[in-house]
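# Coordinate inspection notes
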Amino acid sequence: MEAVVLILALLFIAFVALGVYVTVKAVRAAKRGVERTVTQARRTVEDTALRAKSYGQGGVTAEVAQLRLKLRTSMRATQDALQAGAVEDASLSESLGLFQRLSAHGHELDDELRRLEREPDRATTASLLPGLRERTERITASAESLRWAARDRARKFADDDLDSLSAQIDVEAGALRHWSSETPSHTSPSAADRPTAAADWPEAGPAAADGVPAEQTWPETGADQGAGPAADAGAGAGAGPGSTIADQPPAITARGPRQQASYPWEKTSRPETTT
C-alpha cells in the first residue's frame, strides 16, 4: 500500500513539474510574441512618421528624416536577407557577425539623427548634415554589399542545383527512351525459316520437228537430287567403264499363254460348237 501511495505521489509531482514547465514556456513564447508585435508596430509607426516628415516638411528636418528612413530600410533589408540565408548556408554566420558590428554603427547614427530632429538650432544641424550624410552612405553601402553578396551566393547555388537537376533529368529521360537509341538489326531469314513455295506446274519444252509436243519436265526435288548421284553411282558400278546400252544383257520377259510348251499327256482343247 505504501508503494502505491509513493508511486502516485511521484506521478503527481511529475505532472505538476511538467505543467509548470509547459506554462513557463508558453508564457515566454507569448511574451516574445508580444514584444515582437510591439517592436514591429513601433517600427511601422516610426517609419510612417519619417515618411510623413520627409515628404510633408522641408529644410533640415526633412533631410534628417530621409537619412534615418534610408538607414533603417537598408539595415532592416540586410538583416532579413542574412538571417534567411544563414538557415540554409552556414557560411553566412561570419557575415552575420560583420553585420552585427555594422549594426552598432547604424544604431549609433540613428540615435544621433533622432536627437537632431529635436534640435532647435537648425544652423548647427545643417552644419552637421554633410558628415552625417557621408556616414549614412558608408553604412548603407556596406549593408547593401553584404546583402547583395548573400543574394548572389544563394542565386549561384540555386543555378548550380538547377543545372545538376537538369542534367539528371536529361539522363533519366534518355534512359526512359532507351528504344530510340537502339538500331534495329535487319537480318535475312535463314533457309529453314523461309516458307516453302508450292510446286509450280512444269513448263512444256520446245515442240519437236514433226509437230509432236515435247513432254513436260518436272523440277527435281530434294529426294531426287539426293538419289540421283547414288543411282548413277550404282548404275556405273554394274555396267563398268566403257559399256553401252547395247552391251547390257536384255531383260527377261514372261511367255505369253499361246507360247507355252505342250506335253503329250495334256488334252487338246476342242472348240465349242453350237450343234
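Quick note: structure is the one above.
Presented here is an overview of the structure given in this document. Quick caveat, the model's predicted, so the values are computed rather than measured.

Summing up its helical and strand segments, the protein has five helices and zero strands in all. When its helices and strands are written in sequence order, the protein yields α-α-α-α-α. In the protein, buried positions account for 15% of the 275 residues. Taking as baseline every contact in the protein between residues at least 6 positions apart, the subset at least 24 positions apart corresponds to 62%. For the protein, the exposed surface amounts to about 22,400 Å²; the carbon and sulfur share of it is 58%.

Attention now goes to a positive patch on the surface. A cluster of like positive charges, contributed by Lys25, Arg28, Lys31, Arg32 and Arg36, occupies part of the molecular surface. Here arginine 32 shows up in helix α1 (residues 2–56).

With that settled, the discussion passes to the side chain of aspartate 110. Mapped onto the elements of the fold, aspartate 110 is located in helix α3 (residues 93–117). Among the residues examined, aspartate 110 registers a relative accessible area of 7% and is labelled buried. In this structure aspartate 110 touches Arg68, Leu71 and Arg72, once residues within four positions along its chain are discounted.

Let's shift gears to the nonpolar core. In terms of nonpolar packing, the biggest core is built from 18 residues, with Met75, Leu109, Leu113 and Ile139 touching the most fellow members. Contributing elements (two or more residues each) for this core: α2 (60–88), α3 and α4 (122–176). What isoleucine 139 contacts, discounting residues up to four positions off in sequence, is Leu71, Met75, Leu102, His105, Gly106 and Leu109.

Turning next to the layout of surface pockets. For the largest pocket, the calculated volume is near 500 Å³. If you go around the largest pocket, you meet 18 residues; those closest to its centre are Arg43, Arg72, Arg76, Gln79 and His107. Considering only enclosed or pocket space, the second largest pocket measures out at about 220 Å³ in volume. If you go around the second largest pocket, the residues you meet are Ala81, Ala84, Gly85, Glu88, Asp89, Leu92, Ala150, Arg151, Arg153, Ala154 and Phe157. Broken down by element, the residue count for the lining of the second largest pocket peaks at five residues, all from α4. The residue makeup of the lining of the second largest pocket, split by class, is six nonpolar, one polar and four charged.

Centre distance and the angle of the planes are the two values used to describe a pair of aromatic rings. Under the counting rule described, the total for this entry stands at zero aromatic pairs. The ring of tryptophan 148 has arginine 151 lying over it, and the distance from NZ or CZ to the ring centre is 5.0 Å.

Next up on the list: the side chain of threonine 125. In this fold, threonine 125 is placed in helix α4. Reaching out from threonine 125, the side chain makes a polar contact with the backbone oxygen of aspartate 121 at a distance of 3.0 Å. Excluding its chain neighbours within four sequence positions, the residues that come into contact with threonine 125 are Val60, Val64, Leu116 and Glu119.

This paragraph deals with the packing of α2 against α4. Two quantities define a packed helix pair, namely the angle between the axes and the distance from one axis to the other. The contact between α2 and α4 brings their axes to 9 Å, and the two run at 20 degrees. By the criterion of interaxial angle, the relationship of α2 to α4 is roughly parallel. For the pair α2 and α4, the sense of crossing is left-handed. Considering only residue class, the contact of α2 with α4 consists of 15 nonpolar, six polar and eight charged.

Cut-off values and rules
Residues numbered from 1 in each chain as written. Predicted model: local features only at pLDDT ≥ 70, side-chain atom pairs only at ≥ 80, totals over all residues. Heavy atoms only, no water. Helix = DSSP H or I, 4+ residues; strand = E, 2+ residues; numbered from the N terminus. Buried < 20%, exposed > 50% of the residue type's maximum accessible area, 1.4 Å probe, protein only. Contact = heavy atoms within 4.5 Å. Areas by Shrake-Rupley, 256 points an atom, 1.4 Å probe, with all protein chains shown as cover. Patch = residues over 30% accessible without salt bridge, like charges linked within 9 Å, V, L, I, M, F, W, Y side chains within 5 Å. Salt bridge = Lys/Arg side-chain N within 4 Å of Asp/Glu carboxyl O. Lys, Arg positive; Asp, Glu negative; His and termini not counted. Charge placed at Lys NZ, Arg CZ, Asp CG, Glu CD. Core = buried A, V, L, I, M, F, W, Y, C linked by side-chain atoms within 4.5 Å. 1 Å grid on protein atoms, 1.4 Å probe; cavity = no way out; pocket = protein on both sides within 12 Å on 5 of 7 lines; lining within 4 Å. Points joined across faces, edges and corners; volume = space filled by probe spheres on them. Nonpolar A, V, L, I, M, F, W, Y, C, P; charged D, E, K, R; others polar. Phe/Tyr/Trp six-rings, centres within 6.5 Å; stacked < 30°, edge-to-face > 60°. Lys NZ or Arg CZ within 6 Å of the ring centre and 35° of its normal. Polar contact = N/O pair within 3.5 Å; in protein donor to acceptor, adjacent residues only side chain to side chain. Axes fitted to C-alpha atoms, helices over the stretch in contact; angles between N-to-C directions. Parallel < 35°, antiparallel > 145°, perpendicular 65-115°, else oblique. Left-handed = near helix turned anticlockwise from the far one by under 90°.

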